[in-house]
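Now for the letters of each chain:
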Amino acid sequence: MKRLLTTVTKLALLVLTAQACNKSAEPYYSDKNVPAVPVINKNIIITPTGVAMYPAVEKTLRAKQPMESLLFDGTVLDGTLSTTTPSILPSGSQFDLTTNLLKWRSDLQDIGKSIEGQVGLNKSSAEYLAGFKFTVLAPEVSKVSCSSPPEMVIGAVEPVKKWQWEGFADYKLTFSSPVAGDLDGNGEVEIVTMISTGNYYETNGPIVVLKGATGEVLWNSMTESGITGEVSTTPVLLDLNNDGKSEIISVAKDGGARKINIIDYQRRAITASYSESFDCGSYCIPAAADIDGDGNAEIVAGNVVLNRDGSRKFFLTPAPEYSNRAQTVTLADLVPESPGLEIISNGSQVYSSTGNLLWKGVCRGFSAVADLAKDNSPELVCTYNGWIYAYSKDGQVQWTKAVTGGGKGGAPNIGHFTGDNFFQIGVAGGSNYVVLDKDGNTLWEKAVQDYTSSSTGSTVFDFNGDGKVEVIYNDELYLRIFDGLTGNILWSAPNISGTLWEYPLIVDVDNDSSADIVVAAPGWHTTAVASPGQGGIKVFTDPTKKWVSTRKIWNQYSYYPEIVSDTLAAVANPGPLKSGFRINTQGSLIAQSRVLQADLGLISPLYPEVTGVGQKLSFYVLNQGEATSKANKTIKVYLEGSDVVVGSVTIADEIQSGAGLLVSIDLPDPLPVLSLRAELNLESDSSLSSRECNADNNKLSFDLLSLSR
């Protein structure tokens, strides 16, 4: 076989110089003053035969790479080979008399060896030996950043219930979405929820403040302060007076009317209340933001806009039309040409920041705003009576879509479900949860059960940081997490609910840089009343802390991150929505949660060694990654262009990060073709830590005629 192959020598360059032994020494010999006998000094040793020996130059050389050059001094040695002092050179090396270069090939089989030799040279009548010794190291590995976001641990490592607050003895049912934030500026998160007695959701009940990390009750507004709020509504948390501490804004029934209360949590007292000519339809959910960009927050509910001190700023003109469902408000920059934020009342009635109607559509339900097509022209998405509407910023209907499976349709979510550059939309109905693309086409739908209200909302969040959100949704029976791309159920847990328009939150409740799920646990619906172990609020978390970090706040029902600062202050001129809607900020993965990975690569093999039964082909396998590669990887050699395996070997050892391993494969001799393909087989890998971050360097095509000998 060897006779048929052409030797292609890959040479590593070794260039020696006498002065390299001591760069500060004077020249050993000079053409200006050539003595008959070489000068004896510390750099030259005279042997018994009278030969001047330069101490050996010791260097290291990496296989497959040129060594650092050492230069001859032309004034000392002229490159004429000595006839009486023969050179001792490594096998396969050459000495070039023209350039004074010693050329020698170091290859993979020399790794770990010490190569020694001498070059015998003349200078006039003097003879010299230039010695050298160097060690061949493995090819240098340039490590690459090789890590990955953690695997989606939902389904593999199930979320666990961090805590549950089951309510009070006679107040257990939570019909509305809670909110969360640091109310008192002490760095700890509080959760604020309404709670009801029995299944009465058209009444007032306590406002309860819970400690986010443990569920401990910090305040019961009814028993401690005589303050109540409407249990079907969601309060707003906002620092209205810019003192670093948040107020609680709540709507309460007041006889046959309603009032808006501003509550100072530090004093546990109402500081302002408004009720004059206040109209909000059947069920009233407030909102708050800096709608005119003057640095001061406004409060909006029903037909009225209040200043931060609770005084009336103006009425919406004309007054909004209401439905028999929740009356919600969205404050967002829907019309960039119009100053401030638009006030979107009860679905698709769009008012300017001064309260004048800009346009209205037919939708009278729940709304969300986002630039769906990423063309700097936002859209309004609205659900109402079994239909989903998409409006342009000036009120033109872009498309409509029936809620599949029936039902009224809950509050829409907007996020990156598929991981592309565009937003998608998620909506829950009575029998299905559906995800639509920006043009209203169905991407997927999954069966759910919400026969009670068919108006429940949902939340989206990218738990593992892979660029695609997951859907968090609670129907009458289960809290579920759907894969945003496919709709597959990643995890579910029983959580009985009578359902109104509530949805779960994603908040970091305990400052551990890992997101948590906060969900109402009513424990009641038409077929299961006050189920054991239900009631109040539940918090679920990832016990391995591999969920990405997120904010410590979710301050209102129509929440999006740009509307409020991390300190619960209203943001002046937040601009266009970039994050999505009813989604929390996508934080970073905590350092220990990133999964380091190996990156194995194949180096061009050596010329095959003929054995008694065939030939042996050797490969060098490098690990450029940040983790140790797992054992029992397999290298297979195929005939190029086919799936015919002509040899294989299993790498029984682990390969450390930055290290390599020489492995040999037995091949038949002769082979039908000389073009081969080697593949490092990784199919057995399952866990993320044992997978590679780059599989492109696991295949290598080569021709035996091109290999080094």
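Whatever comes next refers back to the structure up there.
A brief look at the structure comes next.

Criteria and thresholds
Along every chain, residues carry numbers that run from 1 in the direction the sequence is written. Residues qualify for local features only when their pLDDT is at least 70, as the model is predicted, and side-chain atom pairs are given and counted only at 80 or more; totals for whole chains, interfaces and linings, by contrast, use all residues. Water and hydrogen atoms play no part in the side-chain values, which are based on all heavy atoms of the structure. Numbering goes from the N terminus for both helices and strands, where a helix is a DSSP run of H or I of at least four residues and a strand is a run of E of at least two. Every residue pair with non-hydrogen atoms within 4.5 Å of one another is taken to be in contact. To measure how exposed things are, a 1.4 Å probe is used in the Shrake-Rupley method; for residues, cover is taken only from the protein chains shown. What makes two strands pair is DSSP finding at least two bridges between them. Lines fitted to the C-alpha atoms define the axes, with helices restricted to the stretch that makes contact. Angles between their N-to-C directions range from 0 to 180 degrees. Here a Phe, Tyr or Trp ring, Trp counted by its six-membered ring, pairs with any other such ring whose centre lies within 6.5 Å, and the pair is stacked when the planes are under 30 degrees apart, edge-to-face when over 60, and tilted otherwise. Exposure is judged per residue with a 1.4 Å probe applied to protein chains only, and the accessible area is read against the type maximum: over 50% gives exposed, under 20% gives buried, and values in between give partly exposed. Placement of a positive charge over a ring is assigned whenever Lys NZ or Arg CZ falls within 6 Å of the ring centre and within 35 degrees of the normal to the ring plane. By disulfide we mean two sulfur atoms from cysteines, separated by a distance within 2.5 Å. By convention in these notes, a salt bridge is any Lys or Arg side-chain nitrogen within 4 Å of a carboxyl oxygen on Asp or Glu.

### Considering the overall build of the protein chain
Here's step 1: For the protein chain, the helix and strand inventory stands at 1 helix and 53 strands.
Here's step 2: Considering only intrachain contacts with a sequence separation of at least 6, the fraction spanning at least 24 residues in the protein chain is 61%.
Here's step 3: Accessible surface, the protein chain as shown: approximately 27500 Å² in total, 49% of it carbon and sulfur.

### Topic: the sheet that holds strand β31 (residues 379–384)
Here's step 1: Strand order across the open sheet formed by 4 strands is β30-β31-β32-β33, with antiparallel pairing between neighbours. Bordering the open sheet on either side are β30 (366–370) and β33 (397–402), each of which pairs with just one other strand. Each neighbouring strand pair of the sheet contributes to a mean axis angle of 15 degrees, computed without reference to strand direction.
Here's step 2: Alignment of strand β32 (residues 387–392) against β33, held across 5 bridges, turns out to be antiparallel. If you follow Y389 over to β33, its bridge partner there is T400.

### What about the packing of aromatic side chains?
Here's step 1: According to the stated counting rule, one finds 19 aromatic pairs in the structure shown.
Here's step 2: A ring pair is formed by W444 and F482, whose centres lie 5.8 Å apart and whose planes are at 45 degrees; its orientation type is tilted. Taken as a pair, W444 in strand β37 (residues 442–447) and F482 in strand β40 (residues 478–483) lie far apart in primary sequence, 38 residues in all. You'll find W444 and F482 in the same group, each marked buried.
Here's step 3: Through successive ring pairs, a cluster of aromatic residues spans F366, Y503, W554, Y557 and Y559.
Here's step 4: The residue whose ring lies beneath K438 is F422, and the NZ or CZ to ring-centre distance is 5.1 Å.

### Looking at the state of the cysteines
Working definition of a disulfide: a covalent bond connecting the sulfur atoms of two cysteines.
Here's step 1: Evaluated as defined, the whole model comprises 2 disulfides.
Here's step 2: Between the sulfur atoms of C280 and its disulfide mate C284 the distance is 2.0 Å. Between C280 and C284, the disulfide has an S-S torsion of 80 degrees and is therefore right-handed. The same class applies to C280 and to C284, which are both buried.
Here's step 3: Two residues, C363 and C382, share a disulfide whose sulfurs are 1.8 Å apart. On the S-S bond that ties C363 to C382, the torsion sits near -80 degrees, and the link is left-handed. Here C363, found in the loop between β29 (357–360) and β30, pairs with C382, found in strand β31; they are 19 residues apart in sequence, far enough to count as distant. The pair formed by C363 and C382 is uniform in burial state, with each residue classed as buried.

### Some thoughts on the pattern of salt bridges
Side-chain pairs of opposite charge can arise where the charged atoms are in close proximity.
Here's step 1: Applying the stated criterion across every chain, the model contains 18 salt bridges.
Here's step 2: Of the charged contacts, one joins E298 and K313 as a salt bridge, the two residues approaching to 2.9 Å between their closest N and O atoms. One end of the pair, E298, is in strand β22 (residues 298–301); the other, K313, is in strand β24 (residues 312–315), with 15 residues separating them in the sequence.
Here's step 3: Taking relative accessible area as the criterion, E298 reaches 1% and is therefore assigned buried.
Here's step 4: For K313, a relative accessible area of 30% gives the class partly exposed.
Here's step 5: Note that D466 is salt-bridged to K468, the shortest N-O span being 3.7 Å.

Function cannot be read off these values alone, since they describe shape.
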